[in-house]
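Architecture at a glance
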Amino acid sequence: MSELAADPWQAVLQELREGKLDVAQARTRLRELSAQPLGFATVDHDRKQRCGVAEVIYAAGKQPEQVVAIARALRQREPCVLVTRAAPEHITALESAFASEPMEVGPRCGAVLIGTPKVLQVKPIPIVTAGTSDEPVAQEAQLTCRALGHPVLAVHDVGVAGLHRLEPHLPRLRRANVIVCIAGMEGALASVIGGLVDVPVIAVPTSVGYGAAFEGLAALLGMLTSCAAGVVAVNIDNGFGAAYAACLINRLACGLGRDAHAC
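A brief structural summary. (Residues numbered from 1 in each chain as written. Predicted model: local features only at pLDDT ≥ 70, side-chain atom pairs only at ≥ 80, totals over all residues. Heavy atoms only, no water.)

**Some thoughts on the sheet that holds strand β10 (residues 201-205)**
Backbone hydrogen bonds hold the strands of a sheet together, and the pairing may be parallel or antiparallel. Spatial ordering of the open sheet is given by β8-β7-β9-β10-β11, a layout of five strands whose pairing is parallel. Where the open sheet ends on each side, the last strands, each with one partner, are β8 (152-155) and β11 (231-233). The mean inter-strand angle of the sheet, taken between neighbouring strand axes irrespective of direction, is 25°. As paired strands, strand β7 (residues 125-129) and β8 are joined by four bridges and run parallel to one another. (Pairing = 2+ DSSP bridges. Helix = DSSP H or I, 4+ residues; strand = E, 2+ residues; numbered from the N terminus. Axes fitted to C-alpha atoms, helices over the stretch in contact; angles between N-to-C directions.)

**What to know about the state of the cysteines**
If you walk through the whole model with that rule in mind, you get zero disulfides. No disulfide involves C227; its nearest neighbouring cysteine sulfur is the one of C181, lying 16 Å away. (Disulfide = S-S within 2.5 Å.)

**Concerning the nonpolar core**
Within the largest apolar cluster, 27 residues are counted, with the highest numbers of intra-cluster contacts made by I125, I127, V180, I182 and V204. Sorting the residues of this core by element identifies β4 (80-84), β6 (111-115), β7, α7 (135-147), β9 (179-183), β10 and α11 (239-253) as the ones contributing at least two each. Ranked by residues supplied to this core, first place goes to α7 with six residues. Dropping the residues within four chain positions of it, I125 is found in contact with C145, H150, P151, V152, L153, V178, V180, A246, C247 and N250. (Core = buried A, V, L, I, M, F, W, Y, C linked by side-chain atoms within 4.5 Å. Buried < 20%, exposed > 50% of the residue type's maximum accessible area, 1.4 Å probe, protein only. Contact = heavy atoms within 4.5 Å.)

**Re the sheet that holds β6**
Taken in spatial order, the four strands line up as β3-β4-β6-β5 in an open sheet, and their pairing is mixed. Each edge of the open sheet carries a strand with a single partner, namely β3 (57-58) and β5 (103-106). Pairing of β4 with β6 involves four bridges; the strand directions are antiparallel. Bridging from a neighbouring strand, C80 pairs with G115 of β6.

**Description of the packing of helix α2 (residues 8-17) against helix α3 (residues 23-34)**
As a packed pair, α2 and α3 sit with axes 10 Å apart at the nearest point and diverge in direction by 175°. Classified by the angle their axes make, α2 and α3 are roughly antiparallel. Seen from α2, the contacting residues are P8, W9, V12, L13, E15 and L16; seen from α3, they are V23, A26, R29, L30, L33 and S34. Residues belonging to the contact of α2 with α3 are distributed by class as follows: nine nonpolar, one polar and two charged. (Parallel < 35°, antiparallel > 145°, perpendicular 65-115°, else oblique. Nonpolar A, V, L, I, M, F, W, Y, C, P; charged D, E, K, R; others polar.)

**Observations regarding the environment of G194**
Of note, G194 is situated in helix α9 (residues 189-194). A relative accessible area of 10% means that G194 is categorised as buried. The spatial distance from the C-alpha of G194 to the C-alpha of N235 is 18 Å, given a sequence separation of 41 residues. Contact partners of G194, with chain neighbours within four places excluded, come to V201, A228, A229 and V231.

**Topic: the pattern of salt bridges**
Here the structure, examined in full by the defined rule, presents nine salt bridges. Of the charged contacts in the structure, one is a salt bridge between D44 and R47, with a shortest N-O distance of 3.0 Å. Between E55 and R47 there is a salt bridge, with its nearest N and O atoms 4.0 Å apart. The exposure class of E55 is buried, given its relative accessible area of 17%. Taking the relative accessible area as the measure of exposure, R47 reaches 27% and is therefore partly exposed. When salt bridges with common partners are traced through the structure, they connect D44, R47, R50 and E55 into a single cluster. (Salt bridge = Lys/Arg side-chain N within 4 Å of Asp/Glu carboxyl O.)

In short, the description is geometric, and any link to function would need to be established separately.
Shown next as structure tokens:
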């Protein structure tokens, strides 16, 4: 991207200062920069300024050409674009539209990262899974962290059915600022970790489990009623939401300001 494309707001203000635009024209241009109508969607270009992270595309329910159009609009102004819950047809369309761009695809979760995010100088975020069946949700969380510029420490398959597997990882978990714990079945791993560390644990229930697991509801209720203080829960299979919150906590814990952006 050119310097102009990287900071279009500054370009408008410079044109106003030089007399190339009057106040009314500048106001209109700035309004257009904040929200770009595409007919079927309105791209929120101002979100990074408000929330610290650019808009992320939720692909489910959208046509492939709609996902591509939104991604193109965002990519014109951002170093990277994150798409979540993309179906195979979305991924194919994105790979074709951005063939010349760096791209990382999480095939098990439908997340797609287009472009190259800046890597922030922060501690890695541990993403811990109870079982291998939880990996699709973990993959979404990992790609989200990378999109937001945070390195990841992946800890796989350390659930309570074999709790001794967790012990070797505890020293690294205790050095983190925040932990994402992903578990299905009864969701007990989040409580175990919450009772062993002094940092927030963001628990993600997954829809893994037999009948009475109710597609993740049992794990969600277990995490919400955890006896371990410091455990908070997001929605079922919401690896994106957990990772996003973890990145905000990690950024603040590492002393980075609100202007520390990655994507």
